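What follows is each chain in one-letter form.
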Amino acid sequence: AGSPLVGKALEEVRLRATSGASIVAVERAGNLLQPTPKTEFRAGDVLLVDLFDPGADVDALVRQHGLELMPLSGAYFTDRSQEIGM
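Residues numbered from 1 in each chain as written. Predicted model: local features only at pLDDT ≥ 70, side-chain atom pairs only at ≥ 80, totals over all residues. Heavy atoms only, no water.

Looking now at the overall build of the protein chain. Of the regular secondary structure elements, the protein chain holds four helices and three strands. In the protein chain, the succession of α and β elements from N to C terminus is α-α-β-β-β-α-α. Across the protein chain, contacts joining residues at least 24 apart in sequence account for 63% of those joining residues at least 6 apart. For the protein chain, the exposed surface amounts to about 5,600 Å²; the carbon and sulfur share of it is 51%. (Helix = DSSP H or I, 4+ residues; strand = E, 2+ residues; numbered from the N terminus. Contact = heavy atoms within 4.5 Å. Areas by Shrake-Rupley, 256 points an atom, 1.4 Å probe, with all protein chains shown as cover.)

Structure (structure tokens):
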């Protein structure tokens, strides 16, 4: 809820250009959404992020945007990766 991303659209935050991260999906209220540039972040969203830049610093990304890291493993990872075509 305290993230500066809340209330901003994906195109406003420019994560790809500033941190080497690409949002591949947003889980909201149990539904998986394919984000568009106009997708507005809400408190409670789960962001599935691809760090395409080998030098990307996930810890810095988490701190800068007030995010909480979640382990992406087991059944959760399998279910989500199939849904988004990973």
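What follows picks up the thread again.
We now examine a nonpolar patch on the surface. Taken together, the side chains of Val-49, Leu-51, Val-58 and Leu-69 make up a nonpolar region of the molecular surface, amounting to roughly 290 Å² of accessible area. Looking at the secondary structure, you find Leu-51 in strand β3 (residues 46–51). A residue is classified by how much of its surface remains accessible, and Leu-51, at 33% relative accessible area, is partly exposed. (Patch = residues over 30% accessible without salt bridge, like charges linked within 9 Å, V, L, I, M, F, W, Y side chains within 5 Å. Salt bridge = Lys/Arg side-chain N within 4 Å of Asp/Glu carboxyl O. Buried < 20%, exposed > 50% of the residue type's maximum accessible area, 1.4 Å probe, protein only.)

A few words now on the sheet that holds strand β1 (residues 21–28). The sheet built from three strands is open, its strands ordered β2-β1-β3 with antiparallel pairing. With partners counted over all chains shown, the strands left at the sheet margins are β2 (31–33) and β3, one partner each. Each neighbouring strand pair of the sheet contributes to a mean axis angle of 25°, computed without reference to strand direction. Bridging between β1 and β3 involves six bridges; their strand directions are antiparallel. The partner of Val-26 across the bridge, within β3, is Leu-47. (Pairing = 2+ DSSP bridges. Axes fitted to C-alpha atoms, helices over the stretch in contact; angles between N-to-C directions.)

We now examine unusual backbone geometry. For Arg-14, which is not a glycine, the phi torsion comes out positive at approximately 50°. By secondary structure assignment, the location of Arg-14 is in the loop between α1 (10–13) and α2 (15–19).

Bringing helix α3 (residues 58–65) into the picture now. Because the α-helix completes a turn every 3.6 residues, residues three or four places apart line up on one side. Turning to α3, its buried residues are Leu-61, Val-62 and His-65. Looking straight down α3, one finds that the buried residues subtend no more than 95° of arc, so they occupy a single side. Opposite the packed face of α3, turned more than 90 degrees from it, sit the exposed residues Arg-63 and Gln-64. Capping the start of α3, Asp-57 holds a side-chain oxygen 3.1 Å from the backbone nitrogen of Asp-59, two or three residues further along. (Arc of directions from axis to C-beta. Polar contact = N/O pair within 3.5 Å; in protein donor to acceptor, adjacent residues only side chain to side chain.)

A separate point is the side chain of Ser-3. Within the secondary structure, Ser-3 is located in the segment before α1. Look at Ser-3 and you get buried, because its relative accessible area is 11%. Side-chain polar atoms of Ser-3 contact the backbone nitrogen of Leu-5, separated by 3.0 Å.

Let us look at the confidence of the model for the protein chain. In the predicted model, the protein chain carries a mean pLDDT of 84, and 83% of its residues have values of at least 70. Taking the mean pLDDT of every element in the protein chain, the minimum, 63, falls on helix α4 (residues 74–84) and the maximum, 92, on α1. (pLDDT = per-residue confidence, 0-100.)

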